[in-house]
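Coordinates in review
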Amino acid sequence: AAARVAAAESAPRKNFVQANAIENILSAPKRESGPVDWRKKPDFGKVPTYLKNIQKEIGEEHEYIRAMHEAQAAAAPPGMRLMGEDEKMELVISLKTKWDAVNSEYQKSSTLSLASLDTIGKVKRKEGYEAQLAQIEKDIEKLSKPVIWVHDDGSY
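This text gives an overview of the structure that appears in the document. Remember, predicted model here, so these are calculated numbers, not experimental data.

Looking only at helices and strands, the protein has five helices and two strands in total. Beginning at the N terminus, the succession of helices and strands in the protein can be written as α-α-α-β-α-α-β. The buried share among the 156 residues of the protein stands at 12%. Contacts in the protein between residues at least 24 apart in sequence constitute 74% of all its contacts with a sequence separation of at least 6. Surface summary for the protein: the accessible area is close to 13400 Å², and the carbon and sulfur share equals 59%.

This is the structure we're talking about:
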């Protein structure tokens with residue numbers, strides 16, 4: 001072991017930085033290949049396999065969701081049906097329109113200030129407007145649920 005250490009110390013040291021610089025100076029420059037024509041690649045225009053797998057997973061999820069909806073519709077209580085999204089939106093829009101109309105009547109009436117509530121009729125009218133607005137807001141909140149069962153009268 002001592003002989004190897006002595007041989008390593010006596011050997012001339014190589015300057016790797018200088019040797020690398022000389023080697024790079026004397027070497028031929030690298031030639032860049034021409035631009036790649038991607039249209040000539042064998043897989044050009046084909047959908048990659050990872051995208052095919054993702055499309056397959058999405059299709060399976062859509063199928064699963066459709067099957068869940070069908071199972072949910074089949075599990076409907078007798079005489080009931082599931083309310084559709086378009087029907088819900090139509091009802092919400094009409095309720096909001098009604099709320100705007102009742103609110104505008106409430107705002108126009110002279111029942112807003114406490115000083116003008118001098119008769120029982122004005123007080124009852126103000127309470128009626130407030131009750132109507134509260135009921136419409138509750139109805140809109142009920143329609144925001146994801147599943148709503150309604151009586152099936154065959155109209156939809």
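On to the environment of Pro 146, then. Inspection of the secondary structure puts Pro 146 in the loop between helix H5 (120-142) and strand S2 (149-151). Separated by 61 residues in sequence, Pro 146 and Glu 85 place their C-alpha atoms 8.9 Å apart.

With respect to the helices and strands, Glu 87 occurs in helix H4 (residues 85-108). You can call Glu 87 buried: its relative accessible area is 10%. A distance of 3.1 Å separates polar atoms of two side chains, one belonging to Glu 87 and the other to Arg 81.

The terminal C-alpha atoms of H5 lie 33 Å apart, and with 23 residues this matches the ideal 33 Å at 1.5 Å per residue to within 8%. Residues of H5 that are buried: Lys 126, Tyr 129, Leu 133 and Ile 136. Next to the buried residues of H5 lie H4.

Bringing the side chain of Lys 88 into the picture now. Of note, Lys 88 is situated in helix H4. Those residues in contact with Lys 88, other than ones at most four positions away along the chain, are Met 83, Leu 143, Lys 145, Pro 146, Val 147 and Ile 148.

Analysis parameters
Residues numbered from 1 in each chain as written. Predicted model: local features only at pLDDT ≥ 70, side-chain atom pairs only at ≥ 80, totals over all residues. Heavy atoms only, no water. Helix = DSSP H or I, 4+ residues; strand = E, 2+ residues; numbered from the N terminus. Buried < 20%, exposed > 50% of the residue type's maximum accessible area, 1.4 Å probe, protein only. Contact = heavy atoms within 4.5 Å. Areas by Shrake-Rupley, 256 points an atom, 1.4 Å probe, with all protein chains shown as cover. Polar contact = N/O pair within 3.5 Å; in protein donor to acceptor, adjacent residues only side chain to side chain. Expected span 1.5 Å × (residues − 1).

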